[in-house]
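Understanding the architecture of this molecule
The lines below spell out each chain.
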Amino acid sequence: MATTKTKLDRRSFLKVSALAGGGMMISFSWLAGCKPTSKEEFLALPKEWFELNSYIKIGENGAVTLYSPNPEFGSNIKTSMPMILAEELDTDWKHVFVEQANYFPERFERQFTGGSQSIRQGWTPLRTTGATARAMLVAAAAQTWSVPTAEITTNAGKIEHKSSGKTAHYGEMASLAATLEVPEEVALKELKEFQIIGTSKKNVDGQKIVTGKPMFALDHKVEGMKYAAIVHPPAFGMRLKSFDKNSISGMSGIEDVFPISVFKEDYARNFFDTTTFPEILAIVGNSTWQVMQAKKNLTVEWEKAPESSFSMAGRGGNTMEIKIPAGLENSVGHKERMDEYLKKPGYVARRDGNPEEAFAKAAKILERTYTVPFLAHNTMEPMNCFADVKADRAVIYGPTQAPEFIMNTLSSSLGLPKEKIQINLARMGGGFGRRAYSHHMVEAALISQKIQAPVKMTYTREDDMTAGVYRPTYSATYRAALDKDNNLMAFHVKAGGIPETPLHANRFPAGAIDNYLAESWEIPSNITIGAFRAPRSNFIAGAEQSFLDELAEEMGKDPIDFRLELLKRAETNPVGENNDYVPKRYASVLELVREKSNWNNPSANVHRGVSAYFCHNSYVAEVVDTVIKDNKPVVENVYAAVDCGVVVNPDAARNMGEGAIVDGIGNAFFGELTFEDGVPTKSNFDKYRMIRHKEAPKKIEVHFVENQEDPTGLGEPLFPPVFAALANSLYKATGKRYYEQPFAPQLEMQNLKM
């Protein structure tokens, strides 16, 4: 049994004995990445390194309330994180109540949902805290019964001393446990002892969701609340010049219209302070319908914005100056500029061997270029927020992935100290990275401050889709050098985008090829971009894995065998020292998906493609089966193999995988946002095509590699590989390779229906 030191003092491990009939509440802070060791080695857990927060409340009747620390947007961490805590607490899941913790900056260092890190970072700290609470309850029983703690066992919220026959439930010992010292070290369960982790538990909010209980900020109402809408410039590269207040002053229910500046001029923004239009107009009235009707009638004059810049707080206290170019950008111009950059030398991010010499000596060179457009997040719940700002305090209630990262901005913009601002966390109707950028909270707060009343601010779908934040547009050229015998001599990738590069220079196939070159480039833009499900990986995986398939075909090799050969080289004789993947784990998902899909024996008329990728600390391989029915490509089956370590909640994990696969297929076929003179050409779902129910795969199987590795990411890793698996499958079905997304227009050019 592994043990870990707690190093939790009474300030970090707060115990309150006056709760609900003498129950015990345990609040904790914990460090991401801390791991338990064997009994011989003990790992200290300094409280100042901890990243996330949660607490346990035990009632006098044995009921347990577990507070989930991270914001929930559908990944089901509100169920899975408490499961980890409950496992080591050794309580009965049937007696557990789960509540969403609000953001408390005076107590917690960080609450963030993103990067597929919630379970990975919380694994050991949550286990440690649950085990610590259990140890204190055992100590209380030992003191009460005058028996050694070593003779006491627990199970499902019950405490027992077998030789004396004495038993108690946790609630009976909670008050005394709350007065005891926190143990210096605790024992963690062996994986084989788990009774909750590894079993499927229903979503704790499931009943509330299907019965329409208020859970979202859009549901929130208070007495005297006003409603607000925002008006932003119609194009990227434009700004507000003037507006005519009288144009809507006579409309029913409209109270005011005024400009808002989101940031103070001297404020150094952080990475998540991304917002395209820092100055907007706010319309306030008595209902959402009234203010949205007023938007249509408001007379506004816009002008072209000059080149500008702003300060951004970097790491280590450094401040960077970010420049925003002027001009009204176009998608045609974007494509031309990216083509120019692909022809220029880029920034060399990695070089192994002598790739230039190898290409010069090559008997054959395979070269392909891949491009993808901007994408909108399109969360089903538009951006919204409730705010009630008084002279000396503020309450903010809304959907956000990153409350900590907007707190400084709120404090600066409102002129209030952070301890006077309370952010309450609503369940999010989708996130995908979009709600990590919480400027909507600042906008609502500034409106409330201006009108001196509580307000609910809601974006329209058009607001959300045309005001950013987007997945960037990317392009990458891949080259492979082959000798006369079709052996791979060198590999070269040059990748970039507007306005960021998608390159991960140290990922596969880096480390598997003697002569390897990775270059990157970036083109500045005034179009705002941000994290989009599996940032950068969502493009580069599709390009890389499509190219590897074509390369395998050129070399006369099975695509899975070819990848496994490269991974074997990376395992047995790796090139370089900075390879950021474990070849054996990478290979394991390819081998598993080959088995589960019956790769070498597809059904008649089935065309299959494969892809594998490592990101967010997890390994995923996918096989897509496509058939042509009634002159239309139909995705019949998708098989996924995943190595994400220990799976906490199997049903929820499979659900997440299925959702990522459907999302990826939809974006691959249809996802696209283009610009004409800075104006997004699509502003709602009548033009921005989304996947429909009948277009989803007929069957999806998600299989997990069974190992004892600590859990890693899962919300994002199944998303990137499906793009290439689909493209490789479509090639087999249509005889055409697809180098640009979305695929649907190209399929239609082949007279195939979509």
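Residues numbered from 1 in each chain as written. Predicted model: local features only at pLDDT ≥ 70, side-chain atom pairs only at ≥ 80, totals over all residues. Heavy atoms only, no water.

A few words now on the overall build of the chain. Along its length, the chain carries 16 helices and 34 strands. Taken over the C-alpha trace, the chain has a radius of gyration of 28 Å; the compact-globule value for 754 residues is 27 Å, and the two agree within 12%. For the chain, the spread of C-alpha atoms along the three principal axes comes to 80 × 75 × 55 Å. Within the chain, the proportion of its 754 residues that are buried is 58%. In the chain, of all internal contacts separated by at least 6 residues, the share reaching a separation of at least 24 is 77%. Element-wise, carbon and sulfur atoms account for 48% of the exposed surface of the chain, whose accessible area totals about 30,400 Å². Separation of charge centres in the chain, based on 86 positive and 92 negative side chains, amounts to 2 Å. (Helix = DSSP H or I, 4+ residues; strand = E, 2+ residues; numbered from the N terminus. Rg over C-alpha atoms; globule rule 2.2 N^0.38 Å. Buried < 20%, exposed > 50% of the residue type's maximum accessible area, 1.4 Å probe, protein only. Contact = heavy atoms within 4.5 Å. Areas by Shrake-Rupley, 256 points an atom, 1.4 Å probe, with all protein chains shown as cover. Lys, Arg positive; Asp, Glu negative; His and termini not counted. Charge placed at Lys NZ, Arg CZ, Asp CG, Glu CD.)

The subject of this paragraph is the pairing of strand β29 (residues 607–615). A large share of β29 lies buried, amounting to 8 of its 9 residues. The pairing of β29 with strand β30 (residues 618–629) spans 9 bridges and is antiparallel. Considered in β30, the bridge of Cys615 is made with Ser618. (Pairing = 2+ DSSP bridges.)

Let us now look at the confidence of the model for the chain. Looking at the chain as a whole, the pLDDT averages 90, with 92% of positions reaching at least 70. Counting contacts from residues 8–22, a segment whose pLDDT is below 50, to residues more than four positions away or on other chains yields 47 contacts. Throughout residues 27–53 the model reports pLDDT below 50, and contacts reaching past four residues in sequence, or to other chains, amount to 98 contacts. (pLDDT = per-residue confidence, 0-100.)

Close contact between helix α2 (residues 118–145) and helix α3 (residues 170–177) brings their axes to 8 Å; oriented N to C, the two are set at 90 degrees. Considered as vectors, α2 and α3 are oriented roughly perpendicular to each other. Contact residues: α2 offers Arg134, Met136, Leu137, Ala140, Ala141, Gln143, Thr144 and Trp145, while α3 offers Tyr170, Met173, Ala174, Leu176 and Ala177. By residue class, the composition of the contact of α2 with α3 is 10 nonpolar, 2 polar and 1 charged. (Axes fitted to C-alpha atoms, helices over the stretch in contact; angles between N-to-C directions. Parallel < 35°, antiparallel > 145°, perpendicular 65-115°, else oblique. Nonpolar A, V, L, I, M, F, W, Y, C, P; charged D, E, K, R; others polar.)

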